[in-house]
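# Architecture and fold: a report
One-letter residues, chain by chain:
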Amino acid sequence: MKKNNHKRTTKKIGLPPGALVYTGTPKEGDTEITLITYDQESADTFSSTDLKEINSKVQENRVNWINFDSLHNTELIEEAGKIMNIHNLLLEDILDISHQPKVEEYDNFLFFTLKMLELTKEGHDHQYDHVSFVLGKNYLLSFQERKGDPFDPIRDRILTGKGKVRSRDAAYLFILLLDAIVDQYFLILEKINNDVAQLEIELFENPAESTVNKIILQKKELNILRENVYPVAEGFKLFRIDESDFISDEYMNYFNDIKDHLKQISDNINNLRETLTSMMEFYMIRLSNQMNQVMKTLTIIATIFIPLTFIVGIYGMNFKYMPELGWKWSYPLLMLFMLAGSIGWYIYMRKRNW
Amino acid sequence: MKKNNHKRTTKKIGLPPGALVYTGTPKEGDTEITLITYDQESADTFSSTDLKEINSKVQENRVNWINFDSLHNTELIEEAGKIMNIHNLLLEDILDISHQPKVEEYDNFLFFTLKMLELTKEGHDHQYDHVSFVLGKNYLLSFQERKGDPFDPIRDRILTGKGKVRSRDAAYLFILLLDAIVDQYFLILEKINNDVAQLEIELFENPAESTVNKIILQKKELNILRENVYPVAEGFKLFRIDESDFISDEYMNYFNDIKDHLKQISDNINNLRETLTSMMEFYMIRLSNQMNQVMKTLTIIATIFIPLTFIVGIYGMNFKYMPELGWKWSYPLLMLFMLAGSIGWYIYMRKRNW
Amino acid sequence: MKKNNHKRTTKKIGLPPGALVYTGTPKEGDTEITLITYDQESADTFSSTDLKEINSKVQENRVNWINFDSLHNTELIEEAGKIMNIHNLLLEDILDISHQPKVEEYDNFLFFTLKMLELTKEGHDHQYDHVSFVLGKNYLLSFQERKGDPFDPIRDRILTGKGKVRSRDAAYLFILLLDAIVDQYFLILEKINNDVAQLEIELFENPAESTVNKIILQKKELNILRENVYPVAEGFKLFRIDESDFISDEYMNYFNDIKDHLKQISDNINNLRETLTSMMEFYMIRLSNQMNQVMKTLTIIATIFIPLTFIVGIYGMNFKYMPELGWKWSYPLLMLFMLAGSIGWYIYMRKRNW
Amino acid sequence: MKKNNHKRTTKKIGLPPGALVYTGTPKEGDTEITLITYDQESADTFSSTDLKEINSKVQENRVNWINFDSLHNTELIEEAGKIMNIHNLLLEDILDISHQPKVEEYDNFLFFTLKMLELTKEGHDHQYDHVSFVLGKNYLLSFQERKGDPFDPIRDRILTGKGKVRSRDAAYLFILLLDAIVDQYFLILEKINNDVAQLEIELFENPAESTVNKIILQKKELNILRENVYPVAEGFKLFRIDESDFISDEYMNYFNDIKDHLKQISDNINNLRETLTSMMEFYMIRLSNQMNQVMKTLTIIATIFIPLTFIVGIYGMNFKYMPELGWKWSYPLLMLFMLAGSIGWYIYMRKRNW
Amino acid sequence: MKKNNHKRTTKKIGLPPGALVYTGTPKEGDTEITLITYDQESADTFSSTDLKEINSKVQENRVNWINFDSLHNTELIEEAGKIMNIHNLLLEDILDISHQPKVEEYDNFLFFTLKMLELTKEGHDHQYDHVSFVLGKNYLLSFQERKGDPFDPIRDRILTGKGKVRSRDAAYLFILLLDAIVDQYFLILEKINNDVAQLEIELFENPAESTVNKIILQKKELNILRENVYPVAEGFKLFRIDESDFISDEYMNYFNDIKDHLKQISDNINNLRETLTSMMEFYMIRLSNQMNQVMKTLTIIATIFIPLTFIVGIYGMNFKYMPELGWKWSYPLLMLFMLAGSIGWYIYMRKRNW
């Protein structure tokens, strides 16, 4: 099931801007905060529900990645905002799960919010979760609506020291996380590509009414993907890494790589949408064609037999004075006449290309 | 009921530009003018129908918010224009309820006009009212077509000193009012979102002809919302707060926040419009499908029984010389033959995938 | 009737650029030239068919408005061009009634050409006339394809000294005339708005085939209005009053006011076009729905009675050996069987949601 | 017949860029080269098939117009290229009749290629020919795919000294030729305008299936015109006469005039396309309406008479025991009952608004 | 068969950016590397599967073209990247066959990736292959997904010293290769043009249901071509040769020539798409028209004969008291009455323009 991420609850009506309200489904329980702090030599990880405890473990001269695995504790987010000196309006965006993706650079950090695709273990189901990043000089905060798996391989790489991640700064970590999120979009896109290819075969070979429903569902899925991908792509286009204080120019290539991927996804979405529209048209034409076929069949049969039935009806009348009734050859001649008439009519209609 | 806010009465034809004409429905009665004047320490409120009296209460070193709760007294508006030194062309815009939203900065004030969503207490009904703001250094004039509730919580907050409003200037008050207006748009958008979701279920499960009417009505509602939201969003895009003399840069965040909300509303409107278009298409296809089904049923029955009726008609003829009539097995053989023919035809048609 | 203002006659083929050809319907008779010359103190008006006479009455230190009330005398226009030092290519545009609206500033004057809505006295009928203006420092030339009324109130105001027009320069007069022309567009737009609202009611309540024709005619009317409004709006957008030598900055407000009106008209036209498109769609769906209803009725009746007719046909056959014919209860049993069969079939079809 | 000017023959595959290949239909015979050399005093004309001979007649201090009346002699074009110092890639464009219109300025000349409308004498038929111009300081080369008439009036004007052409430079001649080509576009546009107006009447009054074919043909014709006009208009937009070394600023007005004409043609094409689309829609609705009418007629007749036929069929049965058959008033009562039933049904259906 | 070049395998999920994965179909065997090294005097060619061996043959003061004829050996590509100092993210793009065309300039080389049309010898079949170029000062690397023929004529020209290629630098070679690739696009475009022209004839003369399938297939083919051409055209638009370190300005003309060709292809694709859309519409209208014809035929026949059958049914009833049955002229009069009725009805329907 897809989550409609546009429903902004009315909870916020009447409150001043900057009021902190979590707009997702209310949840119970604590938010787990995880700190991973690392440098080239080593990496340590701490988990707690107490932000102060986590904050005390932060080490200035290392990269510190603090992850919040849920958003429903608004006081916690507010506390984090105070510690990191984040404006209340941004905290509001972190908490508003219907907020559109955007990127903004501030004096002391870079703010990025977007949607992450959350897959169930079985891969059938998915939904889009609201994720926000705050990237400072030596730290990265990540706020997840739900604890998601896509970041796990990166956590592993940090802790085991695999790859270049440990030897680089927080911005590189941020780019890795973005890349992981974009890769998830490819996953769902590939699934839709396959489904559409399947649908195309179904449509050409043996379309049912349900085929149309499936086409419409795919279109909807694409629209949701597009809503989540387009604003990110736009944000990327406007964001100039070479003017940023938080991402060094050497990561330009990585940034462009993600940009390319987003463009490729956007183009693919557009192509798929066109394909689906064509498929609808084709189905309509097929329906019309079939209807034509049905009507031609009915018309041929009806226009042959209705007049014939009339003719035999004539000789079924009980008038006393109907001289033909007594003639010897009436019956076979009438039958021959009707046969000839039908054949003639049939040939005539076939000639008119029915 | 929605008000069509495009009908510009012909009253103005032949008048020179700047002629003051109220283009709404004529009304009786006085316009109540309310002044709220406040600073960090305290807040006072005065109501009167006499502008001069109100003007005498204005205190230069405090924030002064003067609200006009109707527009039909053109002389009063003209008087206000003279006191505040507002150009007649702007007064004309304040009075022309069909005027599109716009924002313009002048030497001595910022002018903003837009539509405010007016909900009835029951929430079923709504209409868009024309509202204009004139924001000066220490005052804010607001002109409402109708006395509306959305500003009440803000009035309360000023008078009770809740929140930051009392410690800030007139521009902040202006932003609070804008935010309240935009929040109203979310309300109606949420209602449409729910209605469309409902309609989608109705369409897939049990569509009636009225479903189409409902889709078209939702489309219309969306169009009206769009007409009111788009020009505001455009105005916001063009208005540069950092070049404004009346709104200080520190409110940039609040401004961007409202901008984000307007963009989110615009995108949501576009998505809903696409959804409604898809729903229309789906309904058309469903109709065609159903028609096909109906025609196939008719064709199967008719092409089986019309020829059979002809055959039995033959043996209902009264010819004298019809040898078959006397044969003993004619009747059962004919019945068998007809049965076999019908079954054969039925199987043939099913094979052609009907 | 609307005039198709795109037909450029072939008269001009083979002529060099700048050749003066009147492309409207040829007319007889003289062109009346009217001069109104005024300053703050007084205003005088002269009419003549002799341009030299008119020219001799022009007073350098007053505002001089010279109006030509027809275009078919190309020599007269050429003469005017020579006196005022207007390039032949511009004279060509003045004479080419199919020329699109445009605005251009030259060294010695501002040139403006657009279409003016000409209403008959009864208001039923209208057409668009080609009007051009040449605005100099102290004079305004106006060239009308046909003598029109919209300028009469302005003439009155000048001659009676009402309003501010007498105390201002030629540019203000020009703006007044433009404003009068744009006001005419509102007139026709309001008429279309009303007609479309009417059509909408007709469509929902009792649509006839003629309804579609009316929708298409409204669409056409809108297209013609759009063709005449859009290029003016575009011209206004490109024309920068603050760089103009002929219109002083103090009229900026008036200019923006006209711009706003043109934008409002454009947006309204777009909305109306969308509405009409929706109405067409709705009509199509209504037709399909109705067709479905018709076919269902036919199918129910036909699929019940065609088989029954076959059955009674069987017992109308004249075979000698049909034992049932002699049984006592055959007839009532058959009738009961047919009744039961029909009812069963009818229930079955209703269940399939017909 | 219209020529599809998009078919680029495969002849060029495998050749390096700049290879000179004539992509039109191969032709026999020589290319006639015509030189017109003139100044204010006199004008001379020479024709030859020998480029060297022509070249020897060129006079440096006069305007020299050299016209090639066919393109199939690639060696000749190459020779001209060498003499005039034209890059092979440009020669390739001159020879490639499917090349899109474009304008480019080089160090020593201005290059312009576009399509010229070629009309047969009878005016029924037309095709688009590839024409290229090379404009130098004192010369103009023109390369025509086919010898066309549109330039004849200009030749006449030069030779007879009519108009301003003799007193001006090669750029003015170039502008005259462009103007002549654009005037041809108006010709075909006017023809399409007339045909569409005719079609509109036909469509509203008495549409046949052929009407749709005609609409589609007009659409195609418009597309071809558009393909030829749009790139020229674009080229004009990008080409800045005030930065050109070959066209002096005093011709700005002429240039803008041609620009205006191209814009007018483009807008007219767009309007016509919309009109044709509307016409198609209207035809579809008309078809549906007619179908509805047909089906209603069938349904009314069939639902009245099919049940009646069944009823009379009942009393045509040959059962021995059918007491009604012997009753005296059976027959007239049955007839009355059937009459009443039919009338009732007919009224019922009319009430349901058929 | 066309290859869907959008399927990005899931192999890359979970890997960091820059991980080298070949996303095409896995293949066996070695990659043949071919070096052509040449200067004005001579040209040599070497083939090997060992990159080091090839690298040792590279001569600094000549042009060196190294071609890789497959991409599945990621280690080889990585090795090449190390030797040439190419960033891993670019190598990733070289290996990702679904990567969109793009052009990027780096410090030490120009990177270009696009799709090349691969035709089978028979010309029926084709697919798009991923090709990348790395252009340095004196070398050009080309990476082909599959060994393709389009480069063979260029190889020949280098080795035989035909044309200008040997006397120019690596950039000219690069331009030649691009030109060859773009020429291939013309090939497939020409094929589609022909097919569409064929389809148009088929559609107007004798459309079958398969015609629609063919139209849809052509549309798909066009979409694939467009996906491959558009990004190249975009890349060309953004790439400024005059700011490039690797392509000298003297090749500007060649570059513009390719640009023109790409624009021509794009425009032609758009026109073809519109044509195909028109064809679909036409087919729909044709279907509706035919349906109308069929229904009219059915309705005429049915509405004539169904009532007649009823009438003769009346006189087939076996009532004892039906006085008409005994009258002498009943039968011929009834026949006449029925004939007159049918003729009357038929005329009436013809008059209603059926």
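To be clear, the structure that these remarks concern was listed above.
Our focus in this paragraph is the overall build of chain A. In terms of helices and strands, chain A carries eight helices and seven strands. Relative to the compact-globule value of 20 Å for 354 residues, chain A shows a C-alpha radius of gyration of 34 Å, a clear excess of over 25%. Across its three principal axes, chain A shows a C-alpha extent of roughly 120 × 45 × 35 Å. Considering chain A as a whole, with its 354 residues, one finds that 40% of them fall into the buried category.

What follows is about helix 3 (residues 88-95) of chain E. Across the eight residues that make up helix 3 of chain E, a large majority, six, are buried. Within the span of helix 3 of chain E, buried status applies to L90, L91, E92, D93, I94 and L95 of chain E.

Moving on to the nonpolar core. Residues F174 of chain A, F174 of chain B, F174 of chain C, F174 of chain D together with F174 of chain E are the most contacted members of the largest nonpolar core, which totals 382 residues. Excluding anything up to four places from it in sequence, F174 of chain E contacts F133, L135 and L140 of chain E. In terms of nonpolar packing, the next biggest core, distinct from the first, is built from 80 residues, V294, L298, V312 and M317 of chain C among them.

What follows covers the environment of I300 of chain E. When you line up the elements, I300 of chain E lands in helix 7 (residues 252-314). C-alpha separation for the pair I300 of chain E and L173 of chain E, spaced 127 residues apart in sequence, amounts to 73 Å.

Our focus in this paragraph is the relation of the copies chain B and chain A. What connects the two chain copies is a rotation about an axis and a shift along it. Once chain B is rotated about the relating axis by 72 degrees and shifted along it by 0.0 Å, it coincides with chain A to within an RMSD of 0.1 Å. Between the two chains, the operation in question is that of a five-fold axis. No C-alpha of chain B lies nearer the rotation axis than that of G316 of chain B, which sits 4.8 Å from it. In this assembly, only 20% of the residues forming the interface of chain B have copies in chain A that are likewise at the interface, indicating a heterologous arrangement.

The next thing to look at is the sheet that holds strand 5 (residues 110-119) of chain E. Residue and element names in this part refer to chain E. Spatially, 2-1-3-7-6-5-4 is the arrangement adopted by the seven strands of the open sheet, whose pairing is mixed. Only two strands of the sheet have a single partner each, and these edge strands are strand 2 (43-48) and strand 4 (102-105). Each strand axis lies, on average, 20 degrees off the axis of its neighbour in the sheet, ignoring direction. Two elements, strand 1 (residues 33-38) and strand 3 (residues 63-68), share six bridges in a ladder whose sense is antiparallel. Residue pairing for strand 3: I33 is matched across the bridge by F68. Relative to the sheet, helix 6 (residues 209-238) contacts strand 4, strand 5 and strand 6 (126-135), its axis offset from that of strand 4 by approximately 25 degrees.

Now for the environment of L110 of chain B. Residue and element names in this part refer to chain B. Looking at the element boundaries, L110 is found in strand 5 (residues 110-119). Judged by the 21 C-beta atoms lying within 10 Å of it, L110 falls in the buried class. For L110 and L135, which are 25 residues apart along the polypeptide, the C-alpha to C-alpha distance reads 5.0 Å. Beyond its immediate stretch of four places on either side in the chain, L110 contacts E105, L135, S244 and F246.

Residue and element names in this part refer to chain B. One non-glycine residue, N85, adopts positive backbone phi at about 65 degrees. Along the chain, N85 turns up in the loop between helix 2 (74-84) and helix 3 (88-95). On the basis of neighbour counts, which here come to 11 C-beta atoms within 10 Å, the residue N85 falls in the exposed class.

The rules behind these values
- Residues numbered from 1 in each chain as written.
- Chains lettered and ligands numbered in written order.
- Predicted model: local features only at pLDDT ≥ 70, side-chain atom pairs only at ≥ 80, totals over all residues.
- Helix = DSSP H or I, 4+ residues; strand = E, 2+ residues; numbered from the N terminus.
- Rg over C-alpha atoms; globule rule 2.2 N^0.38 Å.
- Buried ≥ 20, exposed ≤ 12 C-beta atoms within 10 Å, placed from the backbone.
- Core = buried A, V, L, I, M, F, W, Y, C linked by C-beta atoms within 7 Å.
- Contact = placed C-beta atoms within 7 Å.
- Least-squares fit on C-alpha atoms with pLDDT ≥ 70 in both.
- Pairing = 2+ DSSP bridges.
- Axes fitted to C-alpha atoms, helices over the stretch in contact; angles between N-to-C directions.

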